[in-house]
Structure formats: C-alpha cells, structure tokens
Amino acid sequence: MPHLLTLTNVSAAYASAVPVIRDINLTLDAGELVAVLGGNGAGKSTLLRTLSGLLPCLTGRVEFAGADITRSAPHQRVESGLIQVPEGRQMLAGLSVEENLLLGGYVHRRHAEQIAQGLAEVYELFPRLLERRSQAAGLLSGGEQQMVALGRALMAKPKVLLLDEPSFGLAPLVVADTFAVIRRLREQGMPILLIEQNARKALDVADRALVLRAGQIVASGSAAELSRSDEVKQSYLGQATSPI
Amino acid sequence: MEHLFQVLFTGLSQGGIYALVGIGFSLVNMSTRVLNLAQGSYALIGGFVFLTLASRFGLPAWLAMLIGVALAAILGVLTERIVTLRVRPWRPISHDMAILTTLALVVVCEGTAFLIWGSDTHRGPALQPGVVNVFGAIIIRQSIWMLVATLVISLGLQFLLTHTWLGRAMRACAQNPLTASLLGVNTRRVGAIAFGLSAAIGALAGMLVSPITWLDYQIGGEFMLKGILAYLLGGEMAVAGPLVGGLILGLVENGFLLLPGTVGGLLKQVVPMALLILVLVWRPQGLLVTRRQA
Amino acid sequence: MSADRPRNASLSAANDQSAGTASVSARTGLARYLITRNRAWLVSLSLYAVIAALLVGSGAVHGDVVVTTGVFFILVMAIDLLYGCAGLLSFGHIGFFAIGAYTSAILGHFYQTSLLESVLAGILINGLIALGLGRVFLRLSGSYFMLGTLAFGIMVHAVLVTWYPVTGGDAGLGDLPTIQFGDLSPRTSLAIAIWLVAAALFWLTMNLSESRIGRALRAIRSDEVSAACCGVHVARLRINIFALSACYASVSGALFACYNGAVHPDSFGLSALLDVLLMLFFGGEGTIWGALIGVTLLRVLPDVSGPLQTGKILFSGVLFAIIIYLFPSGVAGTLRDWLRRRTSRGVNLAAPAASTATAAATRAAAIASDTVTHSLRGERVDAPTLRIEGVGQSFGGLRAVDDVSFNLRPASIRSLIGPNGAGKSTLLNLLSGVQPLKEGRILLGTAAIGQLPAEAIARLGIARTFQHERLFAHLSIVANVMVGCERGSDGRARDILACAFALPGTLREEQSVRAQALLWLQRLGLDREAEQPISVLPHGLRKLLEVARAVSAEPTILLLDETAAGLNATEKQQLKILLRQLQASGVSVLLIEHDMDFVMDISDEIVVINFGRRIAEGTPAQVREDPAVLAAYLGT
C-alpha cells in the first residue's frame, strides 16, 4: 500500500540558490506520528515550508494521498487535507478568537453544518477558548494562542497534521498541555508530522523520528531507538567529549 | 442658515464620493498591500462610459451604470493581473514597482480618455433631475442619491467584511497573508476580487458625481488625491476610516466655498493638505485608529 | 568615553612600520585616488558634451532640446538622489519643481527680480517646505511618504490653477526677465548657465553618492534597522537629503521658467510627473549618471517631449509600464550589471568548489598571520560593564522577556542560550535599541541607555549582528564594511556638505576607511571580490562579513546573534580566533548561540533563558550539568 505522504529526494532553497535542505526522503503512514528533530538552522522549518508549498522544490517529488502535489499552490494543499500549524502560532492578531477558528474551516466554507460542528468540537476540546471567543487573538497568552492554532488546524479536518515546533516559546506547563493534546490526537488516529526542538517530549509521543542536521537526514529510526542514541544529544548539546 | 445647511449637505454628499474612492483604496491595500493609485481612474473611466452610453447612445441610466461598473471591475481585475505578473509564492511583490505600475495606469487611462473624449468637460445625466426643498434649503436630488449610495455601500461592505467568508479571507490577508494561505485562502484570487470590487465602487462614485462635478480627462488624478486624503485622514480601517475621512474632507472643502472671492477656492485646495499634516502630527495612525499598526 | 577615541586608531597602528614614509604615501595616494575617482565620469561627461555639440551643430537635434535636457537632468538627479540612494520614492518633486518655477516667475513677472535672487528664494521656500513635510511623512512608514508627497504634488498643481491673481491661473505667467553674459544672446547665456549649474550639481551629487553619505543612504535603502545599528542617524539623514533634493528641484524649476520665458500649470501636472519618473527609470535609478542618459534619450524622442498632442499622454503611460516591467534597471543599471559580470568572471564563490581545502587553508593562514591581527587593534580598550536589570517585554499577552538581569563584565565572553522562542533575540533587540525598552534598566557603566535609539547606542560603542544576516544589498562587499568602519553618518548638514564638496579631509578619511575595510576583506580572503555585490557570497561568508562590519566599528561591546549557525568548521575556527583577539584587547562579547560545542569552548560565562526567564547562570561546566538546562533543552 502506498504511503499517505511521501517525499522523494526533496531539495529546496531560498533566493540564494544554495539548498537549505538536501535529498530529503520521508514517508508518513496512516495513524502514524513521525517526529523531525534537529537544532536551530538544521532546516526543519524549511522542510515544512516546502511541504506546504510556500517554498518551491528545487528537485524531488512530494506525493500526498496518492496525488503528486510537488507543484501545487499552498491553498490547494490545504484543500487536499495537508494542514500546517505554523511556528510561533501566527495568530491573525486583529481578528477575534472565533474568527480565527472559523477561518481554519475556510476550505469547508460551503458546508455550514460541518463548520458549526467543528467549532463545537474545538470549544469542547479547549473550553477556555469559548470564554474568550470574542477577544482579539493577539491579546491572548501564549498557551491560549497555541490552543487557537491547534483548534484552527482541526477545523480544516486534516488528513495529515504538520506541527511546527508546538513548544516554541512556551512555559513548561503549557508545553505539557500541548503535548497531551498531541498525544490525544495520535490516539484518535490522526497522522502527524511533528517538527520539534524539544527532543525528549517529541520522542515520547512519536512512533518514528528523524534527525536533521545541516539540511540533511543524519539519523532515523523508531522513537525508542533514537532516544537511546547519542546522535540526538549531540545535535543539541554538542559532543560530550569536547574540550572546555 | 438655510445656506449653511445647503453647503453642509453638499459637502457631505461630495465627501461621500471621496469616501467611496478612499474605501476602494483601503480595500485593495488591506487585501494585497498594494497602493493602487489607479483608484481615481476607475471613477474617470466609469463616469465617462456612463455619460457616453446614457447621453449619446440614449441607454437607460441603470443599464449604462451596469455596463460602466462591469467594465471598471474588469479593468480592476486586469490591474491586479498586471501588478502581480511576476509574483510567485516565494517571490513577493515589489511595492515600489507596483505603485509605479499603477501610476503608469493612471496616465494610460488619462491618455485614453483624452483620445476618446478630448479635453472638454462633460456632464453626466442625473439619476433624478431637479431639487427638493428641505427646511428652506435647496438641495439637488442627485446629492441625496450620492449620500444614500455612500452609506448603503459602506454598510454593505462592512457586512461583507465581518459576516462573509470572502470578507474574513480579506481580513486574514490584511493581517498575515502567509497564515491566510496556510488556512487555504487563495490569496491571489482574494486580491483580484478586492481590485475588481474597489474598481466597481470607484466607477460608481464617478457616475454619481458626474452630473455635479463635470468630468474631464484629468479628473482621475483629482479623485485619486481625494481618495488618498480620505484614507490617510481616517486611518487604516477598511470602511469606517475612509468614510469618516471622506466626509470630513467634503465638509471642510465646501465650508470654504462660503468665503467670498478666490480665497475660498484657494483654501479649498490647501486646507485639506494642511488638515492631513495636522492629523498626521497629532495622530499618525489616522483619526479613527486607536493603535498604530506597524 | 570610548566614542571619543580616534576613529582610525587601528589603521595608524598598521602604518607604524612605515611611519617615515606614511605622510608622503598618503599624499600621493590621495592624488591617485582623486584621479581615479573623477576620471571615469569626467571622461564620459566630456564625451557627452562633444556628441551633443556635434548633434546640434549638424542640425539633427534642436538646440532647445539640449538646454531643456540640462534642466530636467537636474530634476531627475534630485529624484535619483532620493530614490536611487535612499529608496524614498517622492512623487512630490513635481510640486517642488513647480514651486521653484513659479517663485522665479512671480518674482520676475511682478518685481523684476534677478534670476539668481529668485533661485535663492525658491531654494529657501522649498527647503523649508521639505523639512516640514519630511518631518511629518518620514516618521511614518514608506507608503505614507509616497502618498503624502503625491498629495502634496497634486495640491501644488491645483493651487497653481486656482490662485490666478498671483499665478495667472490656467493662462500662466509670461514676460519673465532673462540673463545675458557679455555679447552672447540671452538664450545662449541661459544655455551656458543651465549647463554650468547642471555640471556643478552633477559633480556634487556624484561626490555625495560615492561618499559615506551615499553609503549610508544605500544602507538605509537596504535595511533601515541594520543601518541604524551601524550608527547611521536614519531619520535626520533622510530628512536632510529630502530637503536637499527639493532644493535641486527648485533650481531646476527656476531655470525652466527662465528659459521658457513663461510658466504654465500644464508643465506640472500628473503626466509631467510621469514623464520625469520615466526619464529616471529609463536611464536607470541608483547611478546618478543614469539620469543623464534617461533624460537625453527621452528628450530627443519628440513624441514625449513635444507639445500636448493626441496620443502623447497615452504613449508615455504605456512606455512607462513597459519599462517598469521589462527593463526595471534601466540603461545605466543594465550597463552596470554587465560591467560587474565582466569583472566578476573567474570569481566563483557561490560554488561549493570555493570551499576546497586549499582555499580554506589560505584563509586560515591569513587569519593566523600577525600582520593582520595587529591591524585589528593597536591599543587596549576599556569596555564599561553592561548591566541588564530587570528587563522585560510583552507582545500582547505573551511574555517574551520576563525580568532578566545579568552583567556583562569588561573583556569577557558571555553566551546567552536557550531553546527557540525563549526570548533571546528580543533581549538583544532591547539591548541594541531596535526595540524601545519599557521595563527595567540597561546601564552602560553608569549611564542608562535603555531609552536611546539604535544609532545612539551604536555610537556608544555597542555593535551587533543579526540572527538572519542583514547586510546591505545595495552596497558592494567592501562598502558594507566601510559603513561599519565609519559608523555610518550622523546625517547632519555639515557632514552632507563636506561630502558633497569632497573636502580633502573627507577624502583622506574615505581613503583610510577604505584601506581599513580592505584589511578586513583580506582577513576573510575576500579582497578580490571587494567590489562585488554581497549576493555573490555564500551564507557562511555573509555571516562573517556581518561580523566584520560590526567589529570594524571598533566597539567596546559586541552582540552576536547566532553567528556560528551555518558556518563550516574552518569558518567557526576563524570566528573563534577573532573573538579571542577581541577579548584580549578588552572588548566584551555577548553571544546568542545554538552550537553548544562553540558555546562551551568560547564562553567565560553562560546565561540560560527559557520562556523569557533566566533559568541558570554560570561557567560552561556548571551550566552543562544544570538539571534545569537539561530539562529546557532535552525536555522533561
């Protein structure tokens, strides 16, 4: 059976034409949570931008749900169910919480039923947002913004969820809450590609993981294997043997 | 007293026209971040097409209006296509080049109008000729129509922006185009619709005002100036900002016509600019916006 | 304080070896510099004059065309000084042009004032208006400037039409006085006067464009924030250049009125504005001499310069649209790019081949050599302690930085680490004045600097780099470093005039700054690419170049934001050596870094922050074992 999401030899670059990520091969299957780990500047966010069509592929192919989407525009990818929660949550700061959530369901705008139901589900998942529904999203705390970002993505009824550093700039308690939600989504069978700096948290919830360094995949395997390997620790804290 | 009321009312209706041009300007700017200088040219083209069809070819006013508005809308969408010809998701628009392109368009429209209609002034047919007497003041029916149209369009747009998917998408683009596209909004199409819509509104403004302010080929620049002033005075709010800015502008301008001789005419030209400078010094963000947006 | 130190201390140290011959070589160097600097444009201008004379003599071109070319050349030059250099697109220059013309016309028509006096009057009026308008519009974002100046331009035109007792309304004003030199006819005299003025202004503008003012302006155009962090007084410089440019337009307008003997509002409308912009973009913005090409080509095209005829407006509108689209860099820009490509042949930095072992070895050798290192700094500096006390920053409901305090002691290297989004870059922005400080205090020695703008902080000797490199795209590689060396420009009128008139002092300084910058490029192994645009550089070298730009300002405190990210091993080594040298000479360094090998190796002390708060502090060894740190990085 073909994979749900397949990247074959994908390279991508910004204006400078020097590839930031090179020859990325990656698959994601139904019901699976794959974590992409790596330090800063390893190319994690570039990978996600390429996946969501904000950055063109220099080479390689991206296939999603049996279709080649290498050249699709961002909104077409969203319509096909590939939903990204961007790094830093990217609130539409001047719009209310409810409007942010509604816009999450933009691709289903012709089905009012579905939107209403989705909204109810999100409010059930995050009761806090119901209290703040008419408040401007930019005035929320970091944790509440994270809820809006996740809720907004769920409104789109994703077939695959792409999470870009959900722990970005959040207090530990909020990070723990966020990962609890991620775990719950995984248990419901939502396929997730999780880009994360917080390796231990990510490996806790992931089935498989990849380690990205300098734009290339340097290690991959099951979450259990990787949490034992030195590769991960090195990518973050440097070689333990380095002279001081 | 009646005279004052009359002048004020004329000012308001005139200001409504400025507001409509300003609203078009702000709609495009909020959806695409492009400063579309051609906003006044839609009024020019729309107005001329209307008065030609209605006066020379004898079409009924509503049909002439419809054709003019449709033509302007097409012209607006065309503007968007030209401005974003080289834009790709990873290569954003160059704002300097965009504004220069729209300036070129202003002159192209001016040149076309000059070729077709010459350098004479033309007068459009009124929707409903004649005047009414309100509390002793004599008011042209057309200016009532102008004011009504302004208010109806403003309310309609406000509703569109807050209660429809298209409006929400536009506001999302205004806040953060990147996030909007990650939510599935086709930002290019939303931009094109904004251009088309604002061109249609601009054209309507040109038609409504054509029986009162006669049109000539250079009127596009005049409309553009008034639209920009309305927009800057009111502040970066989609509808309310240019509406308030435009009405104030109209009132101020017409107020000076009360003065005798050339002084009034001169002040009418200078005071709006002085007002703008005062407002920008006192409230750089415009009259209505409370928080400055970076 | 440190800012009072002589600017070129390091250079004089470098010259110590040849102290006896230094003054002589400096003088001959200056002479050679002057010659090379002025030769190119002197030759082309004379060539232009000869061709023009031949064309007029043979009757192919009407003499009028040549004269009005001079007038519009001044006007287009004014706009290019503003847009091509500083990136400010002014639509109001048609208004300044009109005010210049009408001032001269009104004074001449009603009071028979001489041309010189009315030119001066116009300059005064326009200068004051521009200073006022600039103060209002330049405070705001770029679009306000464009719209505001556009509104101004259109308003001036409307006033010309309306104020008929004074301006003559639609009919304009005639019977203007003219000038006469000796036995020459008035028209010839005016032609000579116009071209003399145009040539003089051209000389001044070229001087400006190639001086530190020109560099500072292009730096502003490339990146305002990073220009301010180099010490460029962005606001003042922009306002002053705007006023200067308005004065040019005024001169041009007065000459225009005088030559035509009459003024008419049609010459100052929207389509006239477009014609002028057309000349600028056709010629190519950003070069000054491109203005001459553009004006000349469009003046000899009768369709554009001719009287208002059917199709003329349409023609120039369409032509403008085509040029903006197909030919955005214009004749001069295309020529410049072609020249650059020719000289850069053989230079191939972007290819991976450039980082071969030999190239890397050469670079490493250059770094280690003593000749370069002692040029870095001849003397020890005394860095004051930088104290951060209870600093905080919120964005909406988010606490980006929360009550952070620590000291940066003199001659120490301190690292600031923490996960993504922990608030590190925000803290650096507060320290460098990029964001205004609202909570807490920042003290340099005993002086509170938290409320100072970025350029003032830079001038106190605090230099910085950015997480995503922010070099000046509109400047060459060497000029990028030169902006750092000279700390931009304070933007005062005195500085602008000194540069415009190319006073010997300015030239000498220019030369020494250039030499200093070239030493830096040598150190990075980039001396052969000095004149290339930064776009030829690969990522790692750009980051190092940004460090060079910061360090060349001879700061006492250096703030580095993720500089090691994206550097290869050799380049990291290079950076490490540089930081150690700086430390040895007394500079203190604060660096944000994610490469832990690098951090642990270089730092004296480390501060760890997470979710905006300080969670640990200490030596590398202490921090490495700190449970809070392990939790922050690897999760709990």
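The model shown is predicted, which means the values in this text are computed figures rather than measured ones. (Residues numbered from 1 in each chain as written. Chains lettered and ligands numbered in written order. Predicted model: local features only at pLDDT ≥ 70, side-chain atom pairs only at ≥ 80, totals over all residues. Heavy atoms only, no water.)

Caption draft 1: View of the overall build of chain A. In terms of helices and strands, chain A carries 10 helices and 10 strands. Whereas a compact globule of 244 residues would reach a radius of gyration of roughly 18 Å, chain A reaches 18 Å, a difference of no more than 12%. Structurally, chain A occupies a C-alpha span of about 55 × 40 × 35 Å along its principal axes. Each of the 244 residues in chain A was classed as buried or not, and the buried ones make up 56%. Within chain A, counting contacts between residues at least 6 apart in sequence, those at least 24 apart form 66% of the total. (Helix = DSSP H or I, 4+ residues; strand = E, 2+ residues; numbered from the N terminus. Rg over C-alpha atoms; globule rule 2.2 N^0.38 Å. Buried < 20%, exposed > 50% of the residue type's maximum accessible area, 1.4 Å probe, protein only. Contact = heavy atoms within 4.5 Å.)

Caption draft 2: Looking closely at the overall build of chain C. Of the regular secondary structure elements, chain C holds 28 helices and 10 strands. Out of the 636 residues in chain C, the part that is buried amounts to 58%. Contacts spanning at least 24 positions in sequence make up 78% of the contacts within chain C whose residues lie at least 6 apart. Surface exposure of chain C reaches about 23800 Å², of which carbon and sulfur atoms provide 61%. (Areas by Shrake-Rupley, 256 points an atom, 1.4 Å probe, with all protein chains shown as cover.)

Caption draft 3: The arrangement of the packing of aromatic side chains in detail. All names here are of chain C. Applying the stated rule across the entire model yields 18 aromatic pairs over all chains. Aromatic side chains Phe-96 and Phe-242 sit 5.7 Å apart centroid to centroid with 70 degrees between the ring planes, which places their arrangement in the edge-to-face category. Here Phe-242 lies in helix H11 (residues 234–260) and Phe-96 lies in helix H4 (residues 93–111), a separation of 146 residues in the sequence. Look at Phe-96 and you get buried, because its relative accessible area is 0%. Ring geometry for Phe-281 and Phe-320: centres 6.2 Å apart, planes at 85 degrees, overall edge-to-face. Residue Phe-281 is found in helix H12 (residues 270–283), and its partner Phe-320 is found in helix H15 (residues 312–326); the two are separated by 39 residues along the sequence. (Phe/Tyr/Trp six-rings, centres within 6.5 Å; stacked < 30°, edge-to-face > 60°.)

Caption draft 4: Geometry of the pattern of salt bridges. Counted by the stated rule, this structure contains 36 salt bridges over all chains. Linking Arg128(A) and Glu144(A) is a salt bridge whose minimum nitrogen-to-oxygen distance equals 3.1 Å. Linking Arg128(A) in helix H5 (residues 127–131) with Glu144(A) in helix H6 (residues 142–155), this pair joins segments that are 16 residues apart in sequence. Judged by its relative accessible area of 38%, Arg128(A) falls in the partly exposed class. The salt bridge involving Asp64(C) is made with Arg187(C); its shortest N-O contact spans 3.2 Å. Taken together, the residues Asp64(C) in helix H3 (residues 63–85) and Arg187(C) in helix H8 (residues 186–210) connect sequence positions 123 residues apart. Exposure remark for Arg187(C): the relative accessible area of 43% places this residue in the partly exposed category. The structure contains a network of salt bridges with shared partners spanning Arg409(C), Arg414(C), Glu605(C), Arg614(C) and Glu617(C). (Salt bridge = Lys/Arg side-chain N within 4 Å of Asp/Glu carboxyl O.)

Caption draft 5: Structural detail: the interface of chain C and chain B. Across the contact, 44 residues belong to chain C and 45 residues belong to chain B. A combined buried area of about 4000 Å² lies between chain C and chain B, and 79% of that area is made up of carbon and sulfur atoms. Counting the surface chain C buries against chain B, the share from its top three residues, Tyr144(C), Leu147(C) and Tyr325(C), is 18%. Joining chain C to chain B, the criterion identifies 0 salt bridges. At the junction of chain C and chain B, the tally comes to 2 residue pairs in polar contact (both at pLDDT 80 or more). (Buried area = accessible area lost by both parts, 1.4 Å probe. Polar contact = N/O pair within 3.5 Å; in protein donor to acceptor, adjacent residues only side chain to side chain.)

Caption draft 6: Structural view of the environment of Gly330(C). Residue and element names in this part refer to chain C. Examined against the element boundaries, Gly-330 turns out to sit in helix H16 (residues 330–344). Put simply, Gly-330 and Leu-280 are 50 residues apart on the chain and 8.2 Å apart in space, counted from C-alpha to C-alpha. Other than its neighbours up to four places away in sequence, Gly-330 contacts Phe-281, Phe-282, Gly-283 and Gly-284.

Caption draft 7: Structural detail: the domain arrangement of chain C. Residues and elements named next belong to chain C. By domain assignment, chain C separates into domain 1 (38–338) and domain 2 (358–473 + 533–634). Here the C-alpha centre of domain 2 lies 45 Å away from the C-alpha centre of domain 1. Facing 12 residues of domain 1, the contacting portion of domain 2 comprises 11 residues. Buried area between domain 1 and domain 2, both sides added, is near 1000 Å², and the carbon and sulfur share of it is 65%. (Domains from an automatic or database assignment.)

Caption draft 8: Layout of the sheet that holds strand S1 (residues 386–395) of chain C. Residues and elements named next belong to chain C. Reading across from one edge, S2-S1-S4-S5 is the order of the 4 strands in this open sheet, with antiparallel pairing throughout. In this open sheet, the two edge strands, each paired with only one partner strand, are strand S2 (398–408) and strand S5 (447–448). Examined bridge by bridge, strand S4 (residues 439–444) and S5 share 2 bridges and lie antiparallel to one another. Pairing of Leu-444 across the sheet is with Ala-447, part of S5. Along the sheet, helix H19 (residues 424–431) makes contact with S1, S2 and S4, crossing S1 at roughly 120 degrees. (Pairing = 2+ DSSP bridges. Axes fitted to C-alpha atoms, helices over the stretch in contact; angles between N-to-C directions.)

Caption draft 9: Representation of the sheet that holds strand S10 (residues 216–222) of chain A in the model. Residue and element names in this part refer to chain A. Spatially, S6-S7-S8-S3-S9-S10 is the arrangement adopted by the 6 strands of the open sheet, whose pairing is mixed. The sheet is open, and its two edges are formed by strand S6 (82–85) and S10, each paired on a single side. Neighbour-to-neighbour, the strand axes of the sheet open up by a mean angle of 15 degrees, direction not taken into account. Bridge count between S6 and strand S7 (residues 160–164): 4 bridges; the pairing is parallel. Residue pairing for S7: Ile-83 is matched across the bridge by Leu-161. Packing against the sheet, helix H1 (residues 44–51) makes contact with strand S3 (33–37), S6, S7, strand S8 (192–196) and strand S9 (208–213), and its axis sits at approximately 145 degrees to S8.

Caption draft 10: Broad picture of the interface of chain B and chain A. In this assembly, 18 residues from chain B lie in contact with 27 residues from chain A. Where chain B abuts chain A, roughly 2200 Å² becomes buried across the two surfaces, and 69% of that area is made up of carbon and sulfur atoms. In terms of surface lost to chain A, no three residues of chain B exceed Trp165(B), Leu182(B) and Leu183(B), which account for 35% of the buried area on that side. One can count 1 salt bridge joining chain B with chain A. The partner of Glu99(A) in a salt bridge is Arg171(B), and the shortest N-O contact between them spans 2.7 Å.

Caption draft 11: How the structure looks around the side chain of Glu165(A). Within the secondary structure, Glu165(A) sits in the loop between S7 and helix H7 (172–187). Within the local environment of Glu165(A), its side chain forms a polar contact with the side chain of Lys44(A), the two groups lying 3.4 Å apart. Among residues more than four places away in sequence, those in contact with Glu165(A) are Lys44(A), Glu87(A), Ile195(A), Glu196(A), Gln197(A) and Asn420(C).

Caption draft 12: How the structure looks around the packing of helix H23 (residues 504–524) of chain C against helix H24 (residues 539–551) of chain C. Residue and element names in this part refer to chain C. Close contact between H23 and H24 brings their axes to 11 Å; oriented N to C, the two are set at 145 degrees. Note on packing geometry: the crossing formed by H23 with H24 is right-handed. Counted together, Trp-520, Leu-521 and Leu-524 of H23 and Leu-541, Leu-544, Leu-545, Ala-548 and Val-551 of H24 form the full contact between these two elements. Split by residue class, the contact of H23 with H24 holds 8 nonpolar, no polar and no charged. (Left-handed = near helix turned anticlockwise from the far one by under 90°. Nonpolar A, V, L, I, M, F, W, Y, C, P; charged D, E, K, R; others polar.)

Caption draft 13: Seen up close, H11(C). All names here are of chain C. The terminal C-alpha atoms of H11, which comprises 27 residues, lie 39 Å apart, in line with the 39 Å expected from a rise of 1.5 Å per residue. Along H11, 23 of the 27 residues are buried, which leaves the element largely enclosed by surrounding structure. Of the residues one or two after H11, Gly-261 is the one with positive phi, at around 75 degrees. (Expected span 1.5 Å × (residues − 1).)

Caption draft 14: Up close: the environment of Glu124(A). The topology assignment puts Glu124(A) in helix H4 (residues 112–125). Sequence spacing of Glu124(A) and Leu92(A) is 32 residues, and the spatial spacing of their C-alpha atoms is 22 Å.

Caption draft 15: Quick peek at the pairing of S2(C). Both S1(C) and S2(C) contribute to a ladder of 7 bridges, which runs antiparallel. Within the sheet, the bridge partner assigned to Phe395(C) lies in S2(C) and is Leu398(C).

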